[in-house]
Amino acid sequence: MTAVDDRLGHMVKSLEQELSGAKDAALRPMGLTVPQYSALLVIADTPGISGAELARRCLVTPQTMTTVLGNLTVKGLIERRTVPGQGRAMETNITAAGKRLLGRADKKILEVEELLNGQLSKADQQSLRKLLEKCRSAFATVTAQVEAEETPAPAARPARKATAKKAPAAAKRPAKKAPAKRASTRAKKA
């Protein structure tokens, strides 16, 4: 075993990549990607969800979710509508075609996940869930601390100095005209 292989984080990432690759292979014949499948699953579970909340629930960036939603809309699997009084916010709903495809896709994904579940007893599955949640919560605490440290404190307003009122400005003098010689020199250069 190498030093990298001995690291727990590497093992978690390796498992995630294997699982994602198996899901991708199962979804590809249906014309779906793993993020598209995840979005459909969450949208079906939470009709009207916003794109920002959907990105958080699917564990992707808002920019990635914008692309995913655009592709799902073009495929006719979701519909998006503006929410009156909410600015640019849009609600997202799954279409009948999206529900049908999600039903087929979900069966394939459950088969893939059963490969993982099949390696563990029910008690081991529960233990793994608890251990993973314990690890996740540790990072949530660290992330919150880092964000608090990186957020700059509001800048203190400088104290106002007591100043004497200025006397009104003297009337402005008209600008001097350029000497005639300069004006003619400019005309020659042009």
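Here the structure is shown first, and the text comes after it.
Analysis parameters
- Residues numbered from 1 in each chain as written.
- Predicted model: local features only at pLDDT ≥ 70, side-chain atom pairs only at ≥ 80, totals over all residues.
- Heavy atoms only, no water.
- Helix = DSSP H or I, 4+ residues; strand = E, 2+ residues; numbered from the N terminus.
- Contact = heavy atoms within 4.5 Å.
- Pairing = 2+ DSSP bridges.
- Axes fitted to C-alpha atoms, helices over the stretch in contact; angles between N-to-C directions.
- Salt bridge = Lys/Arg side-chain N within 4 Å of Asp/Glu carboxyl O.
- Buried < 20%, exposed > 50% of the residue type's maximum accessible area, 1.4 Å probe, protein only.

Draft legend 1. Quick peek at the environment of V60. Relative to the assigned elements, V60 resides in the loop between helix 3 (51–58) and helix 4 (62–74). In this structure, the C-alpha to C-alpha distance between V60 and A39, residues 21 residues apart in sequence, is 10.0 Å. Other than its neighbours up to four places away in sequence, V60 contacts A55 and M65.

Draft legend 2. Focus on the sheet that holds strand 3 (residues 90–94). The strand order 1-3-2 describes an open sheet built from 3 strands, whose pairing is antiparallel. Pairing within the sheet leaves two strands with one partner each, and these edge strands are strand 1 (49–50) and strand 2 (78–82). In the packing of helix 2 (residues 34–45) onto the sheet, the strands contacted are strand 1, strand 2 and strand 3, and the crossing angle to strand 3 comes to about 95°.

Draft legend 3. Fine view of the pattern of salt bridges. Scanning all chains against the criterion turns up 7 salt bridges. The residue E16 makes a salt bridge to K13 at a minimum N-O spacing of 3.5 Å. Placement of the pair is E16 and K13 together in helix 1 (residues 8–27), with a separation of 3 residues, close to one helical turn. Assessed through its relative accessible area of 41%, E16 is described here as partly exposed. Across the pair R81 and E79 runs a salt bridge whose closest N-O atoms are separated by 3.6 Å.

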